[in-house]
Amino acid sequence: MVIHDLNAFLHAFFKAHHCQILSNDNGVLSIQLTEELDKVLMNRPFYWHYMKKMGYTGDPMKLTLITNPDKRQEKGEWIHFGSPRLQQIIRYLQDTKKYTKLFQQLSPNKNTPLYPWLVTNIKISYQGKHKRDELFSIGLNLINGVMHAKMMDVLNTISLEKTIADYCYTLSPMIKMESGFKRIESVLDQYIENQEHQWAVDSLQALEEETKLLHHFYTEDMEDEMMKRELQEIQERFQPKILYQVINGGLFYLATETS
């Protein structure tokens, strides 16, 4: 599920940023970058500086990202949770376009209502002896409270624009945004509670072992402050914790059949 979500997230990201999707087959996504995303992702500042100085248009690169482990030997770049490329994309979203409002594009012949959906892409980070991330795309219908756990899959099939289409009108949310975020957080809490957490047990065991080892090496005449600092570092490294991070999201107005 995680690989599928990551592929959908990447597809939606590049599509939303007006990149041409060259192919997307079984976890291998090929994109023709725009100039903007070439500058963001491909680390070619001197090339673009030269193009601008000479008055040339420039040639953005193509990029192939592989999320399917079975396809890692194919030509392209293996991308996964925690990989530098994914963190680069997430930082870009956080710095530039964290929230948006978009409308489904329709061609109705009569007045058509659009339902408000709160959509969030959220990263769950499990931190302890080992680190692991999961990415979730959750949509909440702010009229009836229906939730969709793979909302990026839905949005990938819909034409979206910043302006509302003719003969369409929006419905006012019945659920407030703050309440909506709390509902989504509650779903994530329940998801985590239903998991096995052997990773946390292993982290606590490692924390205990490292603490005992530290006490073994320190004697009473050694500096107390130094020992406290090292104990704090061990706590930060091994104490198990789970963090939520909203990567981006927004308000999407979608037609009845979509909800």
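Residues numbered from 1 in each chain as written. Predicted model: local features only at pLDDT ≥ 70, side-chain atom pairs only at ≥ 80, totals over all residues. Heavy atoms only, no water.

Per an unreviewed UniProt entry, the protein chain is named YqhG family protein, and its organism is Virgibacillus dokdonensis.

Scanning the protein chain for helices and strands turns up 8 helices and 11 strands. Taken over the C-alpha trace, the protein chain has a radius of gyration of 23 Å; the compact-globule value for 259 residues is 18 Å, which it surpasses by more than 25%. The C-alpha extent of the protein chain, read off along each of the three principal axes, is 85 × 55 × 35 Å. Taken across its 259 residues, the protein chain has 41% of its residues classed as buried. (Helix = DSSP H or I, 4+ residues; strand = E, 2+ residues; numbered from the N terminus. Rg over C-alpha atoms; globule rule 2.2 N^0.38 Å. Buried < 20%, exposed > 50% of the residue type's maximum accessible area, 1.4 Å probe, protein only.)

Our focus in this paragraph is helix α7 (residues 198-217). Between its first and last C-alpha atoms α7 spans 29 Å; for 20 residues at 1.5 Å apiece the expected length is 28 Å, and the two agree. Along α7, the residues classified as buried are Trp199, Ala200, Ser203, Ala206, Leu207 and Leu214. The arc enclosing the buried residues of α7, seen along the axis, measures out at 120°, which places them on a common side. In α7, the exposed positions angled more than 90 degrees off the buried face are occupied by Lys212 and His216. Taken together, the buried residues of α7 touch β6 (112-127), α8 (224-238) and β11 (241-255). (Expected span 1.5 Å × (residues − 1). Arc of directions from axis to C-beta. Contact = heavy atoms within 4.5 Å.)

Turning our eyes to something else, we now look at the nonpolar core. Grouped together as the largest cluster of nonpolar side chains are 23 residues, with contacts concentrated most on Phe9, Leu10, Phe14, Leu33, Leu86 and Ile89. For this core, the secondary-structure elements that each account for two or more residues are α1 (2-16), β2 (28-32), α2 (35-41), β3 (62-66) and α4 (84-96). In terms of nonpolar packing, the next biggest core, distinct from the first, is built from 21 residues, Leu118, Ile138, Leu142 and Ile175 among them. (Core = buried A, V, L, I, M, F, W, Y, C linked by side-chain atoms within 4.5 Å.)

Turning to the sheet that holds β3, a few remarks are in order. Strands in a sheet are paired, the pairing made by backbone hydrogen bonds, and the direction either parallel or antiparallel. In space, the 4 strands of this open sheet follow the order β1-β2-β3-β4, with mixed pairing throughout. Each of the sheet's edge strands pairs with one partner strand only, and the pair in question is β1 (20-25) and β4 (77-78). For β3 and β4, the ladder comprises 2 bridges, and the chain directions are parallel. Opposite leucine 65, over in β4, you have glutamate 77 as the bridge partner. (Pairing = 2+ DSSP bridges.)

So, about empty space enclosed by the protein. Counted according to the given criterion, the structure contains 1 cavity of 30 Å³ or more. Each pocket or cavity is described by its volume, and for the largest cavity that value is around 40 Å³. Along its surface, the largest cavity is lined by Asp5, Phe9, Asn121, Leu135, Phe136, Ser137, Lys150 and Met152. At the level of secondary structure, the elements contributing two or more residues to the lining of the largest cavity comprise α1 and β7 (132-141). (1 Å grid on protein atoms, 1.4 Å probe; cavity = no way out; pocket = protein on both sides within 12 Å on 5 of 7 lines; lining within 4 Å. Points joined across faces, edges and corners; volume = space filled by probe spheres on them.)

What follows covers the layout of surface pockets. Estimated volume of the largest pocket: approximately 790 Å³. Lining the largest pocket are 28 residues; nearest its centre among them are Ala12, Ala16, His17, Thr100 and Leu102. Element by element, the count of residues in the lining of the largest pocket is highest for α1, at 5 residues. Mapped onto the domain boundaries, the lining of the largest pocket takes at least three residues apiece from domain 1 (6-97) and domain 2 (99-254). (Domains from an automatic or database assignment.)

So, on to the packing of aromatic side chains. The final tally for this structure, using the stated rule, is 6 aromatic pairs. Ring centres of phenylalanine 13 and phenylalanine 14 lie 4.9 Å apart, and the angle between their planes is 75°; this geometry places the pair in the edge-to-face category. Here the two residues phenylalanine 13 and phenylalanine 14 agree in accessibility, since each one is buried. On the basis of an interplanar angle of 80° and a centroid distance of 5.1 Å, the ring pair of tyrosine 47 and tryptophan 48 is categorised as edge-to-face. (Phe/Tyr/Trp six-rings, centres within 6.5 Å; stacked < 30°, edge-to-face > 60°.)

This part is about the domain arrangement of the protein chain. Taken as a whole, the protein chain is organised into domain 1 (6-97) and domain 2 (99-254). On a C-alpha basis, the centroid separation for the pair domain 1 and domain 2 is 23 Å. Taken together, the contacts link 12 residues of domain 1 with 15 residues of domain 2. Among the residues domain 1 hides against domain 2, the three largest losses belong to Phe9, Phe81 and Gln94. Together they make up 39% of the total. (Buried area = accessible area lost by both parts, 1.4 Å probe.)

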